[in-house]
Amino acid sequence: MLNQSNAEVYLVYEDHHQTQFEDVYGKQGETWNLLRGNYSEEKYAGLATLVDKYKDRFKKMVLWDPDKEWTWCLAQMICAQQKGIPVTKEIKEFFNNELDWNIECEDISNNWATKLEAYQWAIDNLADGCHKSLSFSAGLRSDYVSNPWKIYDYAAASKGFVFFLSDSDPDEFAMIQKICDKIDYQPGSSTMGYGAGKDGDALNNATNPYNVGFMVSDYYANGSFWCSFPRKAFQQRKGQAIEALPGKIYVSLIWSDGDNVQFDSNQMYNMFKNAPGRGKVPVGMTMAASLQELNPVLLEYFYKNLTPNDELVAGPSGFQFIYGDKYNENNYEKWLETNQKWLETAGFHTACLWNTTNKERFGRYMQTCGLQGVFDGFENNKERYEVGKDGEGVVCILQGAHCWEEGDVYKDLISVKPNGQKPVFRNVYLIAASYGGVGGYERLIRELQRVESYLPNTYEFLLPMDLCATLKEYIEKNGGNGHE
């Protein structure tokens, strides 16, 4: 709420949140200082320090019940629209007793018998005041005390509709769609946070038919601060073809999960900043094209620190994560047009595409994306070739094996047999959450050395865009569209 008009507050949860701030503003003491209060021994020291400074901005408290997690979602929306601060009973008493703060408190803890009743009330009473293209799946997961999400500030600052409903439950699935229908989201609209169902990504099943894409971002911190920077466009060199020879295996490697904004700001940032060995072998890193607006200084950090062996690749499915098979059929072309613009200004030349098994929809993505290549995560399009909007060929390669731990890359690549009649093209997908981290590049280098020892002078490692350019040139010289 404090950041609704201006970016005034920045929260440091973990060390790298401070270093990200320093990337922009320099070291502490030069142009900024941490806000410190007199509550260092209190359970709510940080909250008390913040509220004590800004308490004149709040008009009321809103009391919610942790045993009814949906009241947290309702409290977020009410507070965002009515300049309130959500409190539990314990926090309210802390404010009253320790801060001598006794402003009005609206108790919503018993206003609704069920979560569906609560969300229907929100549709009727709050939806008209919500953001018209941004919503949040940002409730309280079962581990919220030990591992709290960090997207809440952005939800409040943007006044997006906040829900936490499972797409696995038919009634809750229907309620998600009622929310989307009420606000009438148009193509380009997004839900941030993470889904409440067994598969968090499957929130797409409910929202995509209503023109809403996904930007996974549950642990994305300080979104309300970083979005205040002016949007920027970026450029990256295009992929260059090399001569593809029979008997050779041409391989690209891609780090996973960059469509997830919290990965970009946490795991990927730490790898780019601290991982030994980065730049020694060519590797693509998936990245959210939406960062050029959500957090342009973070995307600029990646660009400023690229080595010749780094490439930024669009994560699924481009500027948003969608299930291509589920997206509103009347507006899929509008989504594709928007996707192309975002990919172009992000500077990306390759992308991953998931959940698009419909051949026509996949083909339309390739024809309109403006990229050099697409990596299919569902093994439906092997070495496919389409003519893009600029008349240039666009290729598709299977995204390939998911490598979770050291040894997986070696196992996958030695399973690929060279062909004396033609070159072989391969991509490997590295799971950043487990294979990555600060030691991720060193692990990968060890594996590639093992691969070379196993079959010397056979594997050639290229950036994803260079692999796509090489495959495109080979297809165009050797038979066009039908190459397998």
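For the structure, check the block above.
The following refers to the structure shown. Predicted model, so just to flag it, every value in this text is computed and none were measured.

Some details on the overall build of the chain
Point 1. Helix and strand counts for the chain stand at 17 helices and 17 strands.
Point 2. In terms of overall size, the chain behaves like a compact globule, its C-alpha atoms giving a radius of gyration of 24 Å where 484 residues would be expected to give roughly 23 Å.
Point 3. For the chain, the spread of C-alpha atoms along the three principal axes comes to 80 × 50 × 35 Å.
Point 4. Within the chain, the proportion of its 484 residues that are buried is 57%.
Point 5. Pairs at least 24 apart in sequence give 75% of the contacts found in the chain among residues at least 6 apart.
Point 6. Of the roughly 20200 Å² of accessible surface on the chain, 45% is carried by carbon and sulfur atoms.

With respect to the side chain of T49
Point 1. Tracing the backbone through its elements, the reader meets T49 in helix 2 (residues 45-54).
Point 2. What T49 contacts, discounting residues up to four positions off in sequence, is L35, R36, G37 and Y39.

Section: the pattern of salt bridges
Point 1. All chains considered together, the criterion is met by 23 salt bridges.
Point 2. K273 is the salt-bridge partner of D23, the closest N and O atoms lying 3.0 Å from each other. Here K273 lies in helix 10 (residues 261-274) and D23 lies in helix 1 (residues 15-25), a separation of 250 residues in the sequence.
Point 3. Of the residues examined, D23 reaches a relative accessible area of 35% and is grouped as partly exposed.
Point 4. The partner of K472 in a salt bridge is E476, and the shortest N-O contact between them spans 3.2 Å. With K472 and E476 both in helix 17 (residues 464-477) and 4 residues apart, this pair spans about one turn of that helix.
Point 5. For K472, a relative accessible area of 18% puts it in the buried group.
Point 6. Via salt bridges that share partners, E69, K115 and E172 belong to a single interconnected network.

Looking at helix 3 (residues 70-82)
Point 1. Over its 13 residues, helix 3 runs 18 Å from end to end, which matches the ideal 18 Å to within 8%, given 1.5 Å per residue.
Point 2. Most of helix 3 is tucked away: 11 of the 13 residues are buried.
Point 3. Within helix 3, the full set of buried residues consists of W70, T71, W72, C73, L74, A75, Q76, M77, I78, C79 and A80.
Point 4. Looking at the buried side of helix 3, the elements it contacts are strand 1 (60-63), strand 2 (84-87), strand 3 (105-107), helix 5 (115-125), helix 6 (152-158) and strand 5 (161-163).
Point 5. Taken from the residues just after helix 3, K83 is the one with a positive phi, measuring 55°.

Some words on the packing of helix 13 (residues 332-346) against helix 14 (residues 359-368)
Point 1. Interhelical geometry of helix 13 versus helix 14 gives an angle of 35° and a closest axis separation of 9 Å. When you trace helix 13 past helix 14, the crossing you get is right-handed. Here helix 13 contributes Y332, E333, W335, L336, N339, Q340 and L343 to the contact with helix 14, which in turn contributes R361, R364, Y365 and T368.
Point 2. Grouping the amino acids of the contact of helix 13 with helix 14 by side-chain chemistry returns 5 nonpolar, 3 polar and 3 charged.

Structural notes on the sheet that holds strand 1
Point 1. An order of 2-1-3 is seen for the 3 strands of this open sheet, with the pairing classed as parallel. Of all strands in the sheet, those with a lone pairing partner are strand 2 and strand 3, marking the two edges. Averaged over all adjacent pairs, the angle separating strand axes in this sheet is 25°, with direction ignored.
Point 2. Of the pairings in the sheet, the one linking strand 1 to strand 2 comprises 4 bridges and is parallel in character. Counted as the bridge partner of M61 is I85 from strand 2.
Point 3. Along the sheet face, helix 3 touches strand 1, strand 2 and strand 3 and points at about 160° away from the line of strand 2.

Considerations on unusual backbone geometry
Point 1. Residue S317 is reached from P316 by a cis peptide bond, and omega for that bond is 0°.
Point 2. Within the chain, N457 stands out as a residue other than glycine whose phi angle is a positive 60°.
Point 3. Here N457 lies in the loop between helix 16 (440-454) and strand 17 (459-461).
Point 4. Exposure remark for N457: the relative accessible area of 63% places this residue in the exposed category.

Scoring rules and cut-offs
- Throughout, residues of each chain are indexed from 1 in the direction in which the sequence is written.
- Given that the model is predicted, a residue must reach a pLDDT of at least 70 before its local features are reported, and side-chain atom pairs must reach 80 or more before they are shown or counted; all residues, however, enter totals for whole chains, interfaces and linings.
- With hydrogens and water excluded, all non-hydrogen atoms of the structure serve as input to the side-chain values.
- Put simply, DSSP H or I for four residues or longer makes a helix, DSSP E for two residues or longer makes a strand, and each gets a number counted from the N terminus.
- Radius of gyration: over C-alpha atoms. The globule rule applied is 2.2 Å multiplied by the number of residues raised to the 0.38 power.
- Only protein chains enter the accessibility calculation, which uses a 1.4 Å probe; a residue is then buried when its area is under 20% of its type maximum, exposed when over 50%, and partly exposed in between.
- Any pair of residues with heavy atoms lying within 4.5 Å of one another is described as a contacting pair.
- For every accessible area listed, the method is Shrake-Rupley and the probe measures 1.4 Å; residues are considered covered only by the protein chains on display.
- By convention in these notes, a salt bridge is any Lys or Arg side-chain nitrogen within 4 Å of a carboxyl oxygen on Asp or Glu.
- Expected helix span is computed as 1.5 Å times (number of residues minus one).
- In this analysis an axis means a line fitted to C-alpha atoms, helices contributing only their contacting stretch, and an angle means the value between N-to-C directions, from 0 to 180 degrees.
- Each helix crossing is assigned a hand: it is left-handed if the near helix lies turned anticlockwise from the far helix by less than a right angle, otherwise right-handed if that turn is clockwise.
- Under the scheme applied here, ten amino acids are nonpolar (Ala, Val, Leu, Ile, Met, Phe, Trp, Tyr, Cys and Pro), four are charged (Asp, Glu, Lys and Arg), and all others, including Gly, are polar.
- DSSP-based pairing: two strands are paired if at least 2 bridges between them are found.

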